[in-house]
Amino acid sequence: MTRFVSGEDCTIADDVTIDHGEFDEPTRIGADATIRAGSIVYGDVTIGDGFTTGHDVLIRERTTIGDDVLVGTKTVIDGETTIGSHVSLQTNVYVPTETTIGDNVFVGPGAVMTNDEYPVRTEAALEGPTLEDGASVGANATILPGVTVGENAFVAAGAVVVEDVPADSLAVGAPARTRPLPDPLEGPNQLE
């Protein structure tokens, strides 16, 4: 039984599964959405207007997504996650449970965020990272549990971020070290 609610002018491929699982709240999708083939959106998900996916996207339960968000092909958003508006998650990004992503954020292809400080070793609470408004994360970067990437900060491609990145700074290397943001990287992301 389909229980999801969608706004006007939505294009949803025939083989998309929406409202997967048994949840008290149906999935809600705003107007002008495009959800491409092979994607699965669980129940109890709220998505704003202007949402677009690539193919084979997975969005788990209790996720909230703002307006004008792009989720690239084969990206996984595990549940209990909040994503702001004007966000671009490129191909093959992993967003774990308990992650918070602000507005006007860019996450490059293959970037991975983590939420378990001691996987399969100890029983510990999950703590996803936080990407504050205007943050950019380069391709194949890894962001460890509980790390905050500050407002308008930039994480270089391939960086392994093990500690907070201050606002308006650049994190580069493995483990990542911060330095001042170079002139060409200053200012807001151009996602709108």
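Before any of the text, the structure's been laid out above.
So, here's what we can say about the structure. Only a predicted model underlies this, so the values are computations on that prediction, with no experimental measurement involved.

Strand order across the open sheet formed by eight strands is E1-E4-E7-E10-E13-E16-E19-E22, with parallel pairing between neighbours. Strand pairing shows two members of the sheet lacking a second neighbour, strand E1 (5-6) and strand E22 (148-149), which therefore form its edges. Examined bridge by bridge, strand E19 (residues 130-131) and E22 share two bridges and lie parallel to one another. Bridged to Thr130 within E22 is Thr148.

Looking now at the packing of aromatic side chains. The full count for this structure, using the stated rule, is one aromatic pair. Lying across the ring of Tyr42, Arg60 places its NZ or CZ 4.4 Å from the centre.

So, on to the nonpolar core. Of all hydrophobic cores here, the largest spans 39 residues; its most connected members are Phe51, Leu89, Ile101, Val107, Leu131 and Val155. With near-sequence residues (within four places) excluded, Val107 lies in contact with Ser88, Leu89, Gln90, Val93, Met113, Leu131 and Val137.

Applying the stated rule across the entire model yields three salt bridges. Its salt-bridge partner being Arg62, residue Glu80 comes within 3.5 Å of it at the nearest N-O pair. With Glu80 in the loop between strand E12 (76-77) and strand E13 (82-83) and Arg62 in the loop between strand E9 (58-59) and strand E10 (63-65), the pair connects residues that are 18 residues apart, well separated along the chain. You can call Glu80 partly exposed: its relative accessible area is 35%. You can call Arg62 partly exposed: its relative accessible area is 39%.

To continue, consider the pairing of strand E25 (residues 169-173). Across two bridges, the pairing between strand E23 (residues 154-155) and E25 is parallel. Note on E25: the bridge partner recorded for Phe154 is Leu170. Where E25 and strand E26 (residues 176-180) come together, five bridges link them in antiparallel fashion. Looking at E26, one finds that Leu170 is bridged to Arg179.

Turning next to unusual backbone geometry. Across the junction of Ala174 and Pro175, the peptide omega takes the value -5°, indicating a cis bond. Turning to its location among the elements, Pro175 is positioned in the loop between E25 and E26. With a phi angle near 55°, His86 is a residue other than glycine that sits in the positive phi range. Looking at the element boundaries, His86 is found in the loop between E13 and strand E14 (88-89). At Asp168, a residue that is not glycine, the phi angle is positive and equals roughly 55°. Looking at the secondary structure, you find Asp168 in the loop between strand E24 (160-161) and E25.

What follows is about the side chain of Ser39. Its place among the elements puts Ser39 in the loop between strand E5 (34-35) and strand E6 (40-42). Separated by 3.2 Å, the side chain of Ser39 and the backbone nitrogen of Val57 make a polar contact. Filtering out sequence-adjacent residues up to four positions away, Ser39 remains in contact with Asp15, Val16, Thr17, Thr53, Gly54, His55, Asp56 and Val57.

Conventions we followed
- Counting from 1, residues in each chain are numbered in the order their sequence is written.
- Totals for whole chains, interfaces and linings use every residue, but because this is a predicted model, local features are given only for residues with pLDDT of at least 70 and side-chain atom pairs only at 80 or more, for both listing and counting.
- Calculated side-chain values reflect all of the structure's heavy atoms, with hydrogen atoms and water omitted.
- Here, a strand pair is defined by DSSP locating no fewer than two bridges between the strands.
- Put simply, DSSP H or I for four residues or longer makes a helix, DSSP E for two residues or longer makes a strand, and each gets a number counted from the N terminus.
- In summary, the pairing rule links any two rings of Phe, Tyr or Trp, Trp by its six-membered ring, whose centres are within 6.5 Å, and it sorts them by plane angle into stacked for under 30 degrees, edge-to-face for over 60 and tilted for everything else.
- Charge-over-ring placement is defined geometrically: NZ (Lys) or CZ (Arg) within 6 Å of the ring centre, and within 35 degrees of the ring normal.
- Definition used in this section: a nonpolar core is a set of buried Ala, Val, Leu, Ile, Met, Phe, Trp, Tyr and Cys residues joined via side-chain atoms within 4.5 Å.
- Relative accessibility under 20% of the residue-type maximum defines a buried residue, over 50% an exposed one, and the middle range a partly exposed one, all with a 1.4 Å probe and only protein chains included.
- Only heavy atoms enter the contact rule, under which two residues are in contact if any of them lie within 4.5 Å.
- By convention in these notes, a salt bridge is any Lys or Arg side-chain nitrogen within 4 Å of a carboxyl oxygen on Asp or Glu.
- We define a polar contact as two N or O atoms separated by no more than 3.5 Å, with the added condition that, inside protein, one atom must be a possible hydrogen donor and the other a possible acceptor, whereas residues neighbouring each other in sequence contribute only through side-chain atom pairs.

Just distances and angles here, no functional claims.
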